[in-house]
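Structural description and commentary
These are the residues of each chain, in order.
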Amino acid sequence: DAKTTQPNSMESNEEEPVHLPCNHSTISGTDYIHWYRQLPSQGPEYVIHGLTSNVNNRMASLAIAEDRKSSTLILHRATLRDAAVYYCILRNAGNMLTFGGGTRLMVKP
Amino acid sequence: EAGVAQSPRYKIIEKRQSVAFWCNPISGHATLYWYQQILGQGPKLLIQFQNNGVVDDSQLPKDRFSAERLKGVDSTLKIQPAKLEDSAVYLCASSLGSNYPTNEQFFGPGTRLTVL
């Protein structure tokens, strides 16, 4: 399975944008890039996904590099409720998600 | 819309005992997943069902773990006998099915297992 590399942790100030990076240099042409997040004591929840083009939804934006070897999840205005572990995952044709260690985002008031 | 239900939420057992977890997925979701999440790590897929058939169980320790989804709806995951290293949160997730582009997985709250 293609793997992803994320920083272990990041800090942000409340109300400021946050850019969470992810490297996936061995991504294959059919792999979708998915982001999930896990709030404390909860199961993961879907955030956003993309294949080649940048994507926006009500939760976040996903910027995908032209060569698809990296991507960035963008939270436009971080709130305290956004403090979570964010997972960047490559979803293969078999639809399995292989979670890595993720990035723990801490939001300071 | 009701989410993925799991029970129990917490379980404490001694090593070598047996334990079972139950999951009821979102209505209409064909695919069901069981994950194991050890403290400080990301979830690891144990088994994936499509309706009542197993799609992938390559990471399921079959000497002690078993799972079934007999009627293609709810599912049980069993550990017999439990070891200390089985202490983890067991997450159940469901999705519409692999034919859907997003195929977003919806996770339940998990069962926290402590093996003493």
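What comes next concerns the included structure. (Residues numbered from 1 in each chain as written. Chains lettered and ligands numbered in written order. Predicted model: local features only at pLDDT ≥ 70, side-chain atom pairs only at ≥ 80, totals over all residues. Heavy atoms only, no water.)

The next thing to look at is the interface of chain B and chain A. Frequently, the measure chosen for interface size is the accessible area removed from exposure when the parts meet. In this assembly, 22 residues from chain B lie in contact with 16 residues from chain A. When chain B packs against chain A, the two sides together hide about 1,400 Å² of surface, and 49% of this comes from carbon and sulfur. When the buried surface of chain B facing chain A is broken down by residue, Pro43(B), Thr102(B) and Phe107(B) rank first, second and third, together holding 29% of it. At the junction of chain B with chain A, the criterion picks out 3 residue pairs in polar contact (both at pLDDT 80 or more). Contributing elements (two or more residues each) for the side of chain B that touches chain A: strand S4 (31-37), strand S5 (44-50) and strand S9 (88-95) of chain B. The dominant element in the side of chain B that touches chain A, judged by the number of residues it contributes, is S4(B), at 3 residues. Partitioning the side of chain B that touches chain A into residue classes produces 9 nonpolar, 10 polar and 3 charged. (Contact = heavy atoms within 4.5 Å. Buried area = accessible area lost by both parts, 1.4 Å probe. Polar contact = N/O pair within 3.5 Å; in protein donor to acceptor, adjacent residues only side chain to side chain. Helix = DSSP H or I, 4+ residues; strand = E, 2+ residues; numbered from the N terminus. Nonpolar A, V, L, I, M, F, W, Y, C, P; charged D, E, K, R; others polar.)

Residue and element names in this part refer to chain A. With 6 of its 7 residues buried, strand S3 (residues 32-38) lies for the most part within the structure. Pairing between S3 and strand S4 (residues 45-50): 5 bridges, direction antiparallel. Looking at S4, one finds that Ile 33 is bridged to Gly 50. Once S3 ends, the chain turns through 6 residues before running back antiparallel as S4, passing Ser 41 with a positive phi of about 60°. (Buried < 20%, exposed > 50% of the residue type's maximum accessible area, 1.4 Å probe, protein only. Pairing = 2+ DSSP bridges.)

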